Structures are given as structure tokens and as C-alpha cells.
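Here's the letter readout for the chains.
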Amino acid sequence: MSDAVISASGRTPVRMEVNGVAETVYVEPRWLLSDVLRHQLGLTGTHVGCEQGVCGVCTVLLDGVLVRSCLLFAVQVDGHRVTTIEGVTPDEGLSPIQASFQRHHGLQCGFCTPAMVLTAEALLRTHPNPSEADIRDAFSGNICRCTGYQFIVDAIRGCSEEER
Amino acid sequence: MGRLKPNSFAYYRPNSVASALQCLATQPDAKILAGGQSLVPAMNFRLSRPACLIDINGIEALAHVEVCADKVVLGALVHHQQIHEHPSIRQHFPVLAEAAGEIGHLAIRNRGTLGGSLVHADPASELPAAMVALRAVMEVAGVDGTRRIPAAEFFVGWMTTALDTGEMLVSVHVPLSSSSVYGFAEFARRPGDFAYVGAFVERAANESGAVTWFGVSDKPEYRPMSALPRDAAARQAEWQQLAAKLEVLDEPRMRRKLAVVLAERAYQKVEEAKIG
């Protein structure tokens, strides 16, 4: 890739693969990935809470790696692959992780849930049978004000045991 | 809907250190964007309003971990989670791998970079103190060439380093030591929060040692010890004496107390590491 320069007010095409679909969006450099996902691509499953990297609700997968989409400019994602909650949700019904959240009452208001599910996806890829400590460590960056976390831990454990 | 949006800025994505430096020299009010895990929050709050961002994430030459005969060279773009997991780093500097795992949360560690953390120089962050404790040397590049700065001279105060205008950190050289054993401990109120206080303790082969504290003042505090006592009471007295002389910025009673407690915990890790 050659040097790229974009003026402050100019818009530039950003090509990225979002949930397996090649997308081109025209963005200003200052636009956050979280906002571009929601407003340009209509993927409103990515939520926006604190916009300072603390709450974790905007978490997505970038090239399969868990990142905060509020701490990335969309322009940085040119040529990369983004997975949002829409990308891990089947056309019909629920994914095994989502079903486990439902079964174990791992959500109440649901605001943190998309990022929780993506965090679970990332965790279970590297730790197919995580310990409770692994789960609590991985989810320490995702704030939930409803559940008290216990049912979320139960949901991840339930899912990993069932898939085993 | 979120309300925190950064100011406008021009965006530059160089593919080499040379063109990044060129941009830094020619663009007024430019800032380097690495992981962005501290810079972007500051921009979202508009506490930081750079006119130009130089995104160095595409410079592959900055993303390496290289094991040499007498040192390990870490590129500025190595991520915290890589430091935490890298087999060579775990083998040669287990204390560095452990400390990197305490930074933020997984999603932050996946993106945050070594170079970004070091030049940000938050006095409560782990990596600056780790580099001082390990006697690392910073390799800094400018348009006129490169220079090397020992970590102890790199951190000069509150979020301030010895980097000159137009310079960027390109790599960190961490010397291999066969004789020293290190331990690390920190205290934070919640997992992933910035530590109130943390400590690295080194025991050298000749019974001398050192402690490096962070979170107590405006920069890492390195204190060599001509003798690191094996006797618990003598060691406690030594920690207390050193901690009493720290220039603590706020909450001095609590931070001095924590400095003593955490130095001892880090020392216990040294003992465990020796047995292990």
C-alpha cells in the first residue's frame, strides 16, 4: 500500500469486508468506525456507550481480533475485515452462544449483549473450554449493569460445555 | 447516540519510517497514531485536537520482535497482547509478559502498542516502569538520523519524554540478563483499571537489587539497592525507607503504604521465580 493522504474536510472511499460482504463507504478521517457501522452501513447492533474505550459495548472483531470500534477511525480499516453482531447471527434463530445467553438469562436490557456475544466468540475460539477465571478476565472489559455477570458466566460455560 | 466526536484532522498513512518522519517535519501540529487507545479517547473528548494524524500502523518494519545474542528488540508497534503471549518474551522477560497482561482489557491490549504506551508516558502505566526496571534503551528516529536513549532518561515527567519535536520512537532494546531475577505486583481497584501503585523488584546475582515503582509520582521511580535483604524485617525496613523518600503527588500516605506492600509482593514473586 502506498502512502495515503486525506485532507481534513475531504471524504475518501474506504473498502472493507463487513460480515463477509465487500463494502465501500465514503468517510471523513474523523469518523469513528462505530459511527460508520451504525450510520453508513445501518448495522445498529454495534452499540455506542462511553466513546472512550471503557464500557465495551462497541466491541467488534477486526480481522478476527476483538477491538473497540469507538477507538478506531473508519479510515484505518481500509482493506480489513470487520465482524459485527449481525455477522455472527444466523438468518433464522440464534447462534449457539446467543441461545446459551437466552437459556441462562445472560441478558436483561440487552444493551451490552451484542458485544458480550462477540467477546464470547473471540474467547471460545482461543479457549474452547475456558475456566471461570478465563471468562471473568475476558469479560472484564465489558460492562453490564443488569445481570451482575453471574448469568453471563453461566451462559459462556453452558455454551462451551455443550459444544464440547 | 454517542456525543463524543473528534475535531477534523488530515489523515496521513505512510508506509515507511522515513515518510512518517517527513510528514512529522512538514505538517504543523501533527500527531502519530499507533494503537490509539489513549489518543483517540483524548480526541473524542477534544482534549487533544491535532491538525494531522500520521497513522503508522501500516509500517511493517515497526511490528517485529527480534531475539539477538545479548538483547531482544521490540518494534514500537508490538501490541500489548503480543507482549503478553509471545513465547520469546515469556521466556526471557516473564515479568514484562505478566505486566503487559495487566494493561486495560483484552480488546485494549489487542490494539494498544508498546511504542504508544511509552511515548504517552502515563505515570500509572506498566510498560514505562518495566523498561526502566529492565534497563531498556529506546531507539528514536528523526530526519537527521537515529539516537538511543536509556529508559531511565527517557521518562522526564508527567506524560513527558525526552523525544524532541519531529522524532518518533521506533524500537526498544531490552538487554538479556542471565543473572537477574525480577518480580512484579500492582494494585488496581478493578481489573483493567490503571494501577494506583505498582512495583518491579530485581534481585541480581551478587545479592544487590533494585525496585522500580510506578503510579507514585510523575514518572517511574528506580531505586538501586546495594544489598537486597533476605531477612523479612530488614527488607521491610528497606522498603519503608525508600518509600518515605518518594515525592508522592497525591494521597501520599496510601501510596507510600502501597509502595511498601507491593515491593514486598514483587519480591515474593522473585522468590517464587527462583524456585520455579
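Residue positions are given per chain, counted from 1 along the sequence in the order it is written. Starting at A for chains and at 1 for ligands, labels are handed out in the order in which the entities are written. With the structure being a predicted model, the display of local features is reserved for residues of pLDDT at least 70 and the display and counting of side-chain atom pairs for 80 or more, all residues being used for whole-chain, interface and lining totals. Computation of side-chain values: all heavy atoms of the structure, hydrogens and water removed.

**Topic: the overall build of chain A**
Piece 1. Looking only at helices and strands, chain A features five helices and six strands.
Piece 2. By the criteria applied, helices consist of DSSP H or I runs no shorter than four residues and strands consist of E runs no shorter than two, each listed in order from the N terminus. Helices (α) and strands (β) of chain A occur, in sequence order from the N terminus, as β-β-β-α-β-β-β-α-α-α-α.
Piece 3. A compact globule built from 164 residues would reach a C-alpha radius of gyration of about 15 Å, and chain A, at 17 Å, matches this within 12%.
Piece 4. For chain A, the spread of C-alpha atoms along the three principal axes comes to 50 × 30 × 25 Å.
Piece 5. Three exposure classes are used, based on accessible area relative to the maximum for each residue type with a 1.4 Å probe and protein chains only: buried under 20%, partly exposed in between, and exposed over 50%. The proportion of buried residues among the 164 residues of chain A is 54%.
Piece 6. Every residue pair with non-hydrogen atoms within 4.5 Å of one another is taken to be in contact. Sequence separation of at least 24 residues holds for 53% of the intrachain contacts in chain A that already meet a minimum separation of 6. Within these notes, the globule rule equals 2.2 Å times the number of residues to the 0.38 power, and the radius of gyration is based on C-alpha atoms.

**Side note on the interface of chain B and chain A**
Piece 1. Taken together, the contacts link 38 residues of chain B with 33 residues of chain A.
Piece 2. A side-chain nitrogen of Lys or Arg and a carboxyl oxygen of Asp or Glu constitute a salt bridge if their distance falls within 4 Å. The residue Asp78(A) makes a salt bridge to Arg13(B) at a minimum N-O spacing of 3.6 Å.
Piece 3. Those elements that place two or more of their residues in the side of chain B that touches chain A are strand S1 (10-13), helix H2 (39-44), strand S3 (52-55) and helix H6 (106-109) of chain B.
Piece 4. Residue polarity follows a fixed list, in which Ala, Val, Leu, Ile, Met, Phe, Trp, Tyr, Cys and Pro are nonpolar, Asp, Glu, Lys and Arg are charged, and the others, Gly among them, are polar. By residue class, the composition of the side of chain B that touches chain A is 19 nonpolar, 12 polar and seven charged.
Piece 5. Think of it this way: DSSP has to see at least two bridges between two strands before they count as a pair. Where strand S1 (residues 4-6) of chain A meets S1(B), three bridges bridge the pair, whose relative direction is antiparallel. If you follow Val5(A) over to S1(B), its bridge partner there is Tyr12(B).

**What about the side chain of Thr84(A)?**
All names here are of chain A.
Piece 1. Position of Thr-84 relative to the elements: it lies in the loop between strand S6 (81-83) and helix H2 (96-103).
Piece 2. Side-chain polar atoms of Thr-84 contact the side chain of Glu-86, separated by 2.6 Å.
Piece 3. The residues touching Thr-84, leaving out its near neighbours within four places in the chain, are Asn-19, Leu-37, Leu-43, Thr-46, Val-60 and Leu-118. The definition of a polar contact used here is a pair of N or O atoms within 3.5 Å, where within protein one atom must be able to donate a hydrogen and the other to accept one, and adjacent residues in sequence count solely through side-chain atom pairs.

**Observations concerning the pairing of strand S3 (residues 21-27) of chain A**
Residues and elements named next belong to chain A.
Piece 1. Sheet topology places strand S2 (residues 12-18) next to S3; seven bridges connect them, and they run antiparallel. Bridging across to S3, Met-16 finds its partner in Glu-23.
Piece 2. Counted between consecutive antiparallel strands, the loop separating S2 from S3 contains two residues, among which Asn-19 sits at a positive phi close to 55°.

**Examining the domain arrangement of chain A**
Residues and elements named next belong to chain A.
Piece 1. When its domains are assigned, chain A resolves into domain 1 (12-87) and domain 2 (96-163).
Piece 2. Here the limits of each domain have been adopted from an automatic or database domain assignment. Using only C-alpha atoms to locate each centre, domain 1 and domain 2 end up separated by 22 Å.
Piece 3. Each side of the interface is counted separately: domain 1 has 17 residues, and domain 2 has 14 residues.
Piece 4. Once two parts are put together, the accessible area they lose, assessed with a 1.4 Å probe and summed over both, is termed the buried area. Summing both partners gives a buried area of about 1,200 Å² for domain 1 against domain 2, and 67% of it is carried by carbon and sulfur.
Piece 5. Where domain 1 packs against domain 2, one counts zero salt bridges.

**A look at the pattern of salt bridges**
Residues and elements named next belong to chain B.
Piece 1. Applying the stated rule across the entire model yields 21 salt bridges over all chains.
Piece 2. Between Glu-207 and Arg-230 there is a salt bridge, with the nearest N and O atoms lying 3.0 Å from each other. With Glu-207 in the loop between strand S12 (197-203) and strand S13 (209-214) and Arg-230 in the loop between strand S14 (221-225) and helix H10 (232-244), this residue pair connects regions lying 23 residues apart in the sequence.
Piece 3. Take Glu-207: its relative accessible area is 31%, and that puts it in the partly exposed class.
Piece 4. Look at Arg-230 and you get partly exposed, because its relative accessible area is 47%.
Piece 5. With its nearest N and O atoms 2.7 Å apart, the salt bridge here joins Glu-264 to Arg-235. Placement of the pair is Glu-264 in helix H11 (residues 252-275) and Arg-235 in helix H10, with a sequence separation of 29 residues. A single burial state applies to Glu-264 and to Arg-235, both of which are buried.
Piece 6. What you see here is one network of salt bridges that share partners, running through Arg-203, Glu-207, Arg-230 and Glu-271.

**Considerations on helix H1 (residues 17-26) of chain B**
Piece 1. Along H1(B), the residues that are buried comprise Val17(B), Ser19(B), Ala20(B), Leu21(B), Cys23(B) and Leu24(B).
Piece 2. Of the surrounding secondary structure, the elements contacted by the buried residues of H1(B) are S1, strand S2 (30-33), S3, strand S6 (137-142) and strand S10 (168-175) of chain B.

**Quick notes on the side chain of Thr83(A)**
Residue and element names in this part refer to chain A.
Piece 1. If you trace the backbone, Thr-83 turns up in strand S6.
Piece 2. Owing to a relative accessible area of 15%, Thr-83 belongs among the buried residues under this scheme.
Piece 3. Leave out the neighbours within four places in its chain, and Thr-83 touches Asn-19, Val-60, Leu-61, Val-88 and Leu-118.

**Let's talk about the confidence of the model for chain B**
Piece 1. pLDDT gives the predictor's per-residue confidence on a scale running from 0 to 100. With 98% of its residues at a pLDDT of 70 or more, chain B has an overall mean of 95.
Piece 2. Per the prediction output, this complex has pTM 0.95; the corresponding ipTM is 0.94.

**A closer look at the nonpolar core**
Piece 1. Side-chain atoms within 4.5 Å link the members of a nonpolar core, which is a set of buried Ala, Val, Leu, Ile, Met, Phe, Trp, Tyr and Cys residues. Among the nonpolar cores identified, the biggest contains 37 residues, and Leu96(B), Leu118(B), Met131(B), Met138(B), Val172(B) and Phe200(B) are the most heavily contacted of them.
Piece 2. For this core, the secondary structure elements donating two or more residues are strand S5 (71-75), helix H5 (94-100), helix H7 (114-120), helix H8 (126-133), S6, helix H9 (151-154), S10 and strand S11 (181-187) of chain B.
Piece 3. Per-element accounting of this core gives the leading share, six residues, to H8(B).
Piece 4. When residues are assigned to domains, this core turns out to be shared by domain 2 (60-175) and domain 3 (181-275) of chain B, each giving three or more.
Piece 5. The residues contacting Leu118(B), other than those within four sequence positions of it, are Leu127(B), Pro128(B), Met131(B), Met138(B), Phe154(B), Phe155(B), Thr161(B), Leu169(B) and Val172(B).
Piece 6. In this structure, Cys58(A), Val67(A), Cys70(A) and Val75(A) belong to the second largest nonpolar core, which totals 33 residues.

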